[in-house]
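Structural features, examined
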Amino acid sequence: MQHIPPIDPKQYDLEPLLAGRDLTPEWINTDDGDPFSPPNVARCHIVEASKVVPFHYRTARPQLPELRTWINQLVDQAQAEQQKRGSVVASITRGPSLLLLGVTGVGKTHQAYGAVRELAITGVVSRWVVTTAADLYAALRPRHGIDSETEFRRYRDARLLLVDDLGAAKISEFTEDVNFRLVNYRYENHLPTLFTSNLMSRELSGRLGDRVASRINEMCQRVVIEGRDRRRGVAA
Ligand SMILES: Nc1ncnc2c1ncn2[C@@H]1O[C@H](COP(=O)(O)OP(=O)(O)OP(=O)(O)O)[C@@H](O)[C@H]1O
Ligand SMILES: [Mg+2]
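This one's a predicted model, so the numbers in the text were calculated from it and none came from an experiment.

Turning our attention to the site of ligand 1. For ligand 1, the set of nearby residues contains 15 residues, the closest of which are His56, Tyr57, Lys108, Thr109 and His110. Lys108 places a side-chain nitrogen or oxygen 2.7 Å from an oxygen atom of ligand 1. In this structure, an oxygen atom belonging to ligand 1 sits 2.8 Å away from a side-chain N or O atom of Asn198. Its free accessible area being 630 Å², ligand 1 has 80% of it covered by the protein chains.

Moving on, we come to the nonpolar core. Formed by 41 residues in total, the largest nonpolar core has its most connected members in Ile46, Trp70, Trp128 and Leu194. For this core, the secondary-structure elements that each account for two or more residues are helix H1 (15-20), helix H3 (38-52), helix H4 (65-85), strand E1 (97-101), helix H5 (108-120), strand E2 (128-132) and strand E3 (160-164). Dropping the residues within four chain positions of it, Trp128 is found in contact with Trp70, Ala115, Val116, Leu119, Leu160, Leu161, Leu162 and Leu194. Grouped together as the second largest cluster of nonpolar side chains are 27 residues, Tyr155, Leu199, Ala213 and Ile216 included.

Attention now goes to empty space enclosed by the protein. The tally for this structure, following the rule as stated, stands at one cavity of 30 Å³ or more. Reported here for the largest cavity is a volume of approximately 70 Å³. Around the largest cavity, the lining residues are Tyr137, Gly167, Ala168, Ala169, Lys170, Ile171, Thr175, Glu176, Asn179, Arg207 and Leu208. For the lining of the largest cavity, the secondary structure elements donating two or more residues are helix H8 (173-188) and helix H9 (204-208). No other element matches the three residues that H8 contributes to the lining of the largest cavity. By residue class, the composition of the lining of the largest cavity is five nonpolar, three polar and three charged.

Quick look at the packing of H3 against H5 now. One can describe the packing of H3 onto H5 by two numbers: an axis separation of 8 Å at closest approach and a directional angle of 160 degrees. One finds that H3 runs roughly antiparallel with respect to H5. Packed against H3, whose contacting residues are Ala42, His45, Ile46, Ala49 and Val52, the element H5 presents Tyr113, Val116 and Ala120 at the interface.

With the rule as written, the count across this model stands at one aromatic pair. Here the aromatic rings of Tyr57 and Tyr113 are separated by 5.6 Å at their centres, their planes lie at 25 degrees, and the arrangement is stacked. Of this pair, Tyr57 sits in the loop between H3 and H4 while Tyr113 is found in helix H5, placing the two residues 56 residues apart along the sequence. A single burial state applies to Tyr57 and to Tyr113, both of which are buried. Across the ring face of Tyr187, the terminal group of Arg215 is positioned such that the distance to the ring centre comes to 5.8 Å.

Conventions and cut-offs
Residues numbered from 1 in each chain as written. Chains lettered and ligands numbered in written order. Predicted model: local features only at pLDDT ≥ 70, side-chain atom pairs only at ≥ 80, totals over all residues. Heavy atoms only, no water. Near = heavy atom within 4 Å. Polar contact = N/O pair within 3.5 Å; in protein donor to acceptor, adjacent residues only side chain to side chain. Areas by Shrake-Rupley, 256 points an atom, 1.4 Å probe, with all protein chains shown as cover. Core = buried A, V, L, I, M, F, W, Y, C linked by side-chain atoms within 4.5 Å. Buried < 20%, exposed > 50% of the residue type's maximum accessible area, 1.4 Å probe, protein only. Helix = DSSP H or I, 4+ residues; strand = E, 2+ residues; numbered from the N terminus. Contact = heavy atoms within 4.5 Å. 1 Å grid on protein atoms, 1.4 Å probe; cavity = no way out; pocket = protein on both sides within 12 Å on 5 of 7 lines; lining within 4 Å. Points joined across faces, edges and corners; volume = space filled by probe spheres on them. Nonpolar A, V, L, I, M, F, W, Y, C, P; charged D, E, K, R; others polar. Axes fitted to C-alpha atoms, helices over the stretch in contact; angles between N-to-C directions. Parallel < 35°, antiparallel > 145°, perpendicular 65-115°, else oblique. Phe/Tyr/Trp six-rings, centres within 6.5 Å; stacked < 30°, edge-to-face > 60°. Lys NZ or Arg CZ within 6 Å of the ring centre and 35° of its normal.

Written as structure tokens, this is what we have:
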């Protein structure tokens, strides 16, 4: 773990996140020279998270109780594993997954990136790969100069994976194959995955196929975000 110099909590809009975990802005810049200390791990992950969280969601916070519980579960599990193994740092490697469902604009992506940001301040190693389902398929399309299988493994093996908008892209044999291979691997290896989807619970099987939907059912807690399209009226 790299030693990270002090950061400005305001620059990363951290104060509400820190307050939510009873941490002070001073805590984040505590420096005892140990690169594995929770504040240094947190500084490192805040900088990393700022590279993967899109600008629009740069201040996002996870507000759903189920999402906060999921985050805490992952952190607790990582810390328990660290104690058991006597490792220098707690890392999220395995754990449950979560599926956020809701209509367009209800705040699924906001909550998902809120989770990325929140995990960053826990002082636990949380390495995310984030994508939309459509970008995932585009990244994996066989094309000259790209080894699709190597690319696929980057998503498949991610310590933490966010797949936003699952089921939104046009279905083809190729997307079905990617969905099955990705979900099956993460299911079999208990790799924590955060999915979001516009689909209604009952549409999942029809859109993703029974075998993918069945695995998602077992590996994920399903959280339906109620409400309306928050984008409506914003421009008015
Ligand atoms: N809790 C929140 N506080 C403030 N703004 C929010 C919150 N949740 C969502 N928003 C804003 O509402 C808009 C819609 O949110 P978001 O993009 O997360 O919706 P979505 O459910 O992912 O939509 P889609 O299904 O189209 O992908 C965005 O501008 C987002 O920043
Ligand atoms: Mg979205």
